[in-house]
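In case you want the letters, here they are:
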Amino acid sequence: MPAERRPRVLSGAQPTADSYHLGNYFGAFKQWVALQDEFEAFYFVPDLHAITVEYDPALLRERTYIAAAQFLAAGVDPERSALFVQSHVPEHAQLAWVLGGITGYGEASRMTQFKDKSAKGGQDSSSVGLFTYPILMAADILLYQADKVPVGEDQRQHVELTRTLAQRFNHRFGETFTVPEPHIVKATAKIYDLQDPTKKMSGSNQSHAGVVDLTDTPKQVAKKLRSAVTDSGSVIAFDRDEKPGISNLLSIYSALTGDPVEAIVEEFEGRQYGHLKVALGDLLAEFVGAFGDRTRELLDDRAELDRVLAQGAERAREVAATTLDLVYERSGFVRGVRP
């Protein structure tokens, strides 16, 4: 890594829903905002990844705008970070093709996410794009010479493939890529589904009743909290194995307030589950209410969103084009005169 630049971090979240949810915020966005202080940050909306499964073009376009607005509402600062849409930087797809040439079929077929997603509809109905998804993800990371990649444990395998491909290319063609490290924040609160607190909160869960969207209304939040699964007994205590429902509510309360779980348990000593639900409902309603208002305010000015995304893509391409030029040179391509 050149000494003259700050270490780089890159991350993104697919635009596959009408809103991100509370788990996305505490598991990713809050960390992204903090990383802006220490790293040169690149945050993007991976719309190319979103087309690896069946999709609606009009919905994808709208959700891409929603994603960008929610990144900004969460605190991503376009003056400190490059915020952009993946398809606005063609170098992503170009580098993915080169990396595909050094990726073994066996390596790609062993990716857990492809196995899981293809198992639902069968491999014959899965797209080639879904199969090569991890290669495009590797290109996303290597294009920016990222030092750290904030990911959950479920994405660690993809970062390992990225590291393997970077090392393989460097070995065959000369030092070209920074070999990235996964950046997994150990202290991050894990948010689980309100209806099934043994599963993490996810927009892909069969029922959406246990998912708190960042644009839910106070009435929707109150309804989801009232019906949140609790546990046998009546003592408010943190125990992930014996009391997963109450433990999840306590984790959310702690994440929203910054108070340690132990202090919250002490605060509710001798009180009923319902008291915790009501108090948490008020906190959540205030949080998502403000977040939703900010998101809608940003979406009301599409021209400004376009400006921010164009600015981010320009900054991203400055780095991406430099990397791709080096890759093309090392790969032996004849470098033509550009228009």
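Residues numbered from 1 in each chain as written. Predicted model: local features only at pLDDT ≥ 70, side-chain atom pairs only at ≥ 80, totals over all residues. Heavy atoms only, no water.

## Focus on the UniProt feature "binding site: L-tryptophan" (unreviewed entry) in the protein chain
Summarizing the sequence annotation, UniProt attributes the feature "binding site: L-tryptophan" (unreviewed entry) to Asp140 in the numbering used throughout. Given the relative accessible area of 2%, Asp140 is considered buried. At 2.9 Å, the side chain of Asp140 forms a polar contact with the side chain of Gln86. (UniProt positions renumbered as here; feature names shortened; annotations may be inferred. Buried < 20%, exposed > 50% of the residue type's maximum accessible area, 1.4 Å probe, protein only. Polar contact = N/O pair within 3.5 Å; in protein donor to acceptor, adjacent residues only side chain to side chain.)

## Focus on helix H3 (residues 57-74)
The first and last C-alpha atoms of H3 sit 26 Å apart over 18 residues, in line with the 26 Å expected at 1.5 Å per residue. For H3, the buried fraction is high: 13 of the 18 residues fall into the buried class. Between the side-chain oxygen of the N-cap and the backbone nitrogen of Ala58 there are 2.9 Å, and the N-cap of H3 in question is Asp56. Looking one or two residues beyond H3, the residue adopting positive phi is Gly75, at roughly 120°. (Helix = DSSP H or I, 4+ residues; strand = E, 2+ residues; numbered from the N terminus. Expected span 1.5 Å × (residues − 1).)

## Looking at the packing of aromatic side chains
Across all of its chains, the model carries 19 aromatic pairs by this definition. Between Phe169 and Phe173 the ring centres are 4.7 Å apart and the planes differ by 50°, which places this aromatic pair in the tilted class. Of the two residues, Phe169 and Phe173 are both situated in helix H9 (residues 156-173); the distance of four residues between them amounts to about one turn of the helix. When the ring of Tyr328 is compared with that of Phe333, the centres are 4.9 Å apart and the planes differ by 80°; the resulting orientation is edge-to-face. Of the residues examined, Phe333 reaches a relative accessible area of 41% and is grouped as partly exposed. The rings of Tyr20, Phe29, Trp32, Tyr43 and Phe71 are connected pair by pair, giving a single aromatic cluster. The residue whose ring lies beneath Arg240 is Tyr192, and the NZ or CZ to ring-centre distance is 3.9 Å. The residue whose ring lies beneath Arg302 is Tyr65, and the NZ or CZ to ring-centre distance is 4.8 Å. (Phe/Tyr/Trp six-rings, centres within 6.5 Å; stacked < 30°, edge-to-face > 60°. Lys NZ or Arg CZ within 6 Å of the ring centre and 35° of its normal.)

## Observations concerning the packing of H3 against helix H13 (residues 273-299)
Running from amino to carboxyl end, H3 crosses H13 at an angle of 125°, the nearest separation of the two axes being 9 Å. In terms of their interaxial angle, H3 and H13 are classed as oblique. Where H3 crosses over H13, the handedness of that crossing is right-handed. Residues Tyr65, Ile66, Ala69, Gln70, Leu72, Ala73 and Ala74 of H3 touch H13, and the partners they reach there are Phe291, Arg294, Thr295, Leu298 and Leu299. Among the residues making up the contact of H3 with H13, the classes are represented as nine nonpolar, two polar and one charged. (Axes fitted to C-alpha atoms, helices over the stretch in contact; angles between N-to-C directions. Parallel < 35°, antiparallel > 145°, perpendicular 65-115°, else oblique. Left-handed = near helix turned anticlockwise from the far one by under 90°. Contact = heavy atoms within 4.5 Å. Nonpolar A, V, L, I, M, F, W, Y, C, P; charged D, E, K, R; others polar.)

## Overview of the pairing of strand E3 (residues 81-85)
For a regular strand, side-chain orientation follows a simple rule: the groups alternate between the two sheet faces. Within E3, five of the five residues are buried, which leaves it mostly tucked inside the rest of the structure. Residues Ser81, Leu83 and Val85 of E3 are buried on one face, and the alternating residues Ala82 and Phe84, pointing to the opposite face, are buried as well. Here strand E2 (residues 40-45) runs beside E3; their pairing, made up of five bridges, is parallel. Paired with Ala41 across the bridge in E3 is Ser81. (Pairing = 2+ DSSP bridges.)

## A closer look at the nonpolar core
Ranked by size, the top nonpolar core spans 56 residues in total, and within it Leu22, Phe29 and Phe71 carry the most contacts. Split by domain, this core shows at least three residues from each of two domains, domain 1 (8-188 + 302-331) and domain 2 (218-297). Every residue in contact with Phe71, bar those within four places of it in the chain, is listed here: Ala13, Tyr20, Phe29, Trp32, Phe44, Val45, Val76 and Leu83. With 39 residues, the next largest nonpolar core counts Ala96, Met111, Ile184 and Ala316 among its residues. (Core = buried A, V, L, I, M, F, W, Y, C linked by side-chain atoms within 4.5 Å. Domains from an automatic or database assignment.)

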